[in-house]
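The primary structure of each chain is shown beneath.
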Amino acid sequence: MVKKGLLERLTEGPVVGDGSYVFTLEKRTYVMAGPWTPEVVVEHPDAVKQLHREYIRAGADVVQAFTFYSTDDKLNLPGHEAGATITCKELNHMACTIAKEVVGVSDVLICGALSPTPSYTEGRGKETVQREFRKQVEVFVEHDVDFLLAEFIGYIEEAEWAIELLKSTGKPVACTLRTGPVGDNSGVPPGECAVRMAKAGADVIGVNCKFDPTTCLKTVALMKAALEREGLSPFLMVQPVGFHCPEVEMEHEGYGMLPENPFALEPRQLTRFDVHKFARAAYELGVRYIGGCCGFEPHHIRAISEELSAERGGKLGEGSRKHVPWGGALTSSVLGTNRAKASREHWERVQPASGRPGHPNLQNKLMD
Ligand SMILES: [Zn+2]
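Residues numbered from 1 in each chain as written. Predicted model: local features only at pLDDT ≥ 70, side-chain atom pairs only at ≥ 80, totals over all residues. Heavy atoms only, no water.

**A short note on empty space enclosed by the protein**
Rolling a probe over the atoms, with the probe sized like a water molecule, indicates the empty space that remains.
Here is step 1: By the definition in use, this model includes one cavity of 30 Å³ or more.
Here is step 2: The computed volume of the largest cavity comes to approximately 30 Å³.
Here is step 3: Taken together, Phe23, Glu26, Lys27, Trp36, Pro262 and Phe263 make up the lining of the largest cavity.
Here is step 4: For the lining of the largest cavity, the class distribution of residues is four nonpolar, no polar and two charged. (1 Å grid on protein atoms, 1.4 Å probe; cavity = no way out; pocket = protein on both sides within 12 Å on 5 of 7 lines; lining within 4 Å. Points joined across faces, edges and corners; volume = space filled by probe spheres on them. Nonpolar A, V, L, I, M, F, W, Y, C, P; charged D, E, K, R; others polar.)

And the structure:
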């Protein structure tokens, strides 16, 4: 089968991304919080394969090879154990091998993704930063992944250096910043960041991580307006966190400012219905690559796929055979209390409680 490429698919309609890896695999006991490095691809490859399979089953059009934070400079930071036994190239090779095995001959695209380098924030300069990026990209090219992504980038300048290097491969290039409405970590507003990413040659631009869907879409709207003013029209992409966190909208560090991040966020988790709303709003804004970051689980990806099924020619993941949107399958429950919830009206009306008496609705003290 000849697969359609990413850009052709984005021209035709929405592309459903996948969900969280590092956050989800930490909860599943395979990743160490703190370093957040991906040596699980070597230690427990089956755990990564299973998560890829779940996102595909949910309806994802893409799996990202699990290479987050795999650069050698990151693996060897103080307190990080992985660098003593494994290199970036070995990790990325394994991550690509796993993704290819799971995708097999299916229609799912494989994404090779770069994450930010400590060398950038340490001020080591363009040559050093691009050397770290190049080691990753060489593996992605050897494995002939379908497209490349630089994600979770905090500074527009580092994004430009990444895009320049990724473009040299000739593959489609996406780039997402971990930025909210206040702009990147050096204070460059989102609109200017978007224009610079597009001018650097990125085919797909947007934001990922740090902020919830509502905030991410506000940021993408600012990006879109600036691009239109400049007559630029890259595809737009959004992969927010799966937790409600409106309090941090105007913080650079996003949900990192919440005292309960990263280990007590569960009460903030999006429901599948929140994700329906997000997917529709993103599509209406003109975003065409719609997925999730930390906290987005397979059922959230299924919600994106189901919400935008009509826009994708009726396409659904295998997993939708075990699911009727908006509680439809509850009509066959033996429990009357569940049968009473078998309607869209119910699920649109319900306001989920946290079940924690005395807890605030919103965090009243952020981290300093
Ligand atoms: Zn994330």
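**Digging into the side chain of Lys210**
Here is step 1: By the element assignment, Lys210 lies in the loop between strand E6 (204-208) and helix H11 (213-229).
Here is step 2: Among the polar contacts listed, one links the side chain of Lys210 to the side chain of Glu253, at a separation of 3.0 Å.
Here is step 3: Not counting residues up to four positions away in its chain, the partners in contact with Lys210 are Phe152, Arg178, Val241, Cys245, Val248, Glu253, Gly254 and Tyr255. (Helix = DSSP H or I, 4+ residues; strand = E, 2+ residues; numbered from the N terminus. Polar contact = N/O pair within 3.5 Å; in protein donor to acceptor, adjacent residues only side chain to side chain. Contact = heavy atoms within 4.5 Å.)

**Points about the UniProt feature "binding site: Zn(2+)" (unreviewed entry) in the protein chain**
Here is step 1: As recorded in UniProt, the feature "binding site: Zn(2+)" (unreviewed entry) lies at Cys209, Cys293 and Cys294. These annotated residues cover 86 residues of sequence, and their C-alpha atoms all fall within 6.4 Å of one another, placing them together at a single site. In the annotation above, Cys209, Cys293 and Cys294 are the residues that line the second largest pocket.
Here is step 2: Topologically, Cys293 is positioned in the loop between strand E8 (289-290) and helix H13 (298-307). (UniProt positions renumbered as here; feature names shortened; annotations may be inferred.)

**Let's talk about the coordination of the zinc ion**
Here is step 1: Binding of the zinc ion to the protein goes through Cys209 (SG), Cys293 (SG) and Cys294 (SG), at separations of 2.2 Å.
Here is step 2: Along the chain, the residues donating to the zinc ion are arranged with the sequence spacing C-x83-C-C. In this pair, Cys209 sits in the loop between E6 and H11 while Cys293 sits in the loop between E8 and H13, placing the two residues 84 residues apart along the sequence. No difference in accessibility class separates Cys209 from Cys293, as the two residues are buried. (Donors = N, O, S within 2.8 Å, 3.2 Å for Na, K, Ca; no water. Buried < 20%, exposed > 50% of the residue type's maximum accessible area, 1.4 Å probe, protein only.)

**So, the sheet that holds strand E5 (residues 173-177)**
Here is step 1: Strand order in the open sheet made by the eight strands is E1-E8-E7-E6-E5-E4-E3-E2, with parallel pairing throughout. With one partner strand each, in any of the chains shown, strand E1 (15-16) and strand E2 (62-64) form the two edges of the open sheet.
Here is step 2: Of the strand pairs in this sheet, E1 and E8 are connected by two bridges, and their pairing is parallel. Across the sheet, residue Val16 finds its bridge partner in E8, namely Ile290. (Pairing = 2+ DSSP bridges.)

**What about the packing of helix H4 (residues 45-58) against H13?**
The geometry of a pair of packed helices is captured by two quantities: the angle between their axes and the separation between those axes.
Here is step 1: Between H4 and H13, whose axes approach to 8 Å, the crossing angle comes to 25 degrees. One way to sum up the angle between H4 and H13 is to call them roughly parallel. The handedness of the crossing between H4 and H13 comes out as right-handed. Along the contact surface, H4 presents Leu51, Glu54, Tyr55 and Ala58, while H13 presents Pro298, Ile301, Arg302 and Ser305.
Here is step 2: Residue classes in the contact of H4 with H13 are distributed as five nonpolar, one polar and two charged. (Axes fitted to C-alpha atoms, helices over the stretch in contact; angles between N-to-C directions. Parallel < 35°, antiparallel > 145°, perpendicular 65-115°, else oblique. Left-handed = near helix turned anticlockwise from the far one by under 90°.)

**Remarks on the nonpolar core**
Here is step 1: Phe66, Val238, Tyr255, Phe278, Val287 and Ile304 are the most contacted members of the largest nonpolar core, which totals 96 residues.
Here is step 2: For this core, the leading source of residues is helix H9 (residues 156-167), giving seven residues. (Core = buried A, V, L, I, M, F, W, Y, C linked by side-chain atoms within 4.5 Å.)

**Regarding the state of the cysteines**
Here is step 1: Under the definition given, this model contains zero disulfides.
Here is step 2: Not engaged in a disulfide, the cysteine Cys175 finds its nearest cysteine sulfur in Cys193; these two sulfurs lie 9.6 Å apart.
Here is step 3: Its relative accessible area of 0% is what places Cys175 among the buried residues. (Disulfide = S-S within 2.5 Å.)

**Structural notes on the domain arrangement of the protein chain**
Here is step 1: Domains assigned within the protein chain are domain 1 (10-317) and domain 2 (324-357).
Here is step 2: A C-alpha centroid distance of 32 Å is found between domain 1 and domain 2.
Here is step 3: Taking both partners together, domain 1 and domain 2 bury about 520 Å²; carbon and sulfur atoms supply 77% of that area.
Here is step 4: Along the contact surface separating domain 1 from domain 2 lie zero salt bridges.
Here is step 5: Counting across the interface, domain 1 meets domain 2 through zero residue pairs in polar contact (both at pLDDT 80 or more).
Here is step 6: Here the side of domain 1 that touches domain 2 is composed, by residue class, of two nonpolar, two polar and one charged. (Domains from an automatic or database assignment. Buried area = accessible area lost by both parts, 1.4 Å probe. Salt bridge = Lys/Arg side-chain N within 4 Å of Asp/Glu carboxyl O.)

**Brief notes about the layout of surface pockets**
Here is step 1: Estimated volume of the largest pocket: approximately 1200 Å³.
Here is step 2: As for the largest pocket, its lining consists of 38 residues, of which His244, Pro267, Arg268, Gln269 and Pro352 are closest to the centre.
Here is step 3: Mapped by element, the contributors of at least two residues to the lining of the largest pocket are H11, helix H12 (272-285) and helix H15 (344-349).
Here is step 4: Of the residues assigned to the lining of the largest pocket, the class counts are 16 nonpolar, 10 polar and 12 charged.
Here is step 5: Built from parts of two domains, the lining of the largest pocket gets at least three residues from each of domain 1 (10-317) and domain 2 (324-357).
Here is step 6: Taken as a whole, the second largest pocket encloses approximately 640 Å³ of empty space.
Here is step 7: Together, 37 residues line the second largest pocket, and Trp36, Phe68, Tyr69, Phe152 and Cys209 are the ones closest to its centre.
Here is step 8: Of all the secondary-structure elements, those providing two or more residues to the lining of the second largest pocket are helix H2 (22-27), strand E3 (109-114), helix H7 (118-121) and strand E4 (147-153).
Here is step 9: For the lining of the second largest pocket, the residue count by class is 19 nonpolar, 13 polar and five charged.

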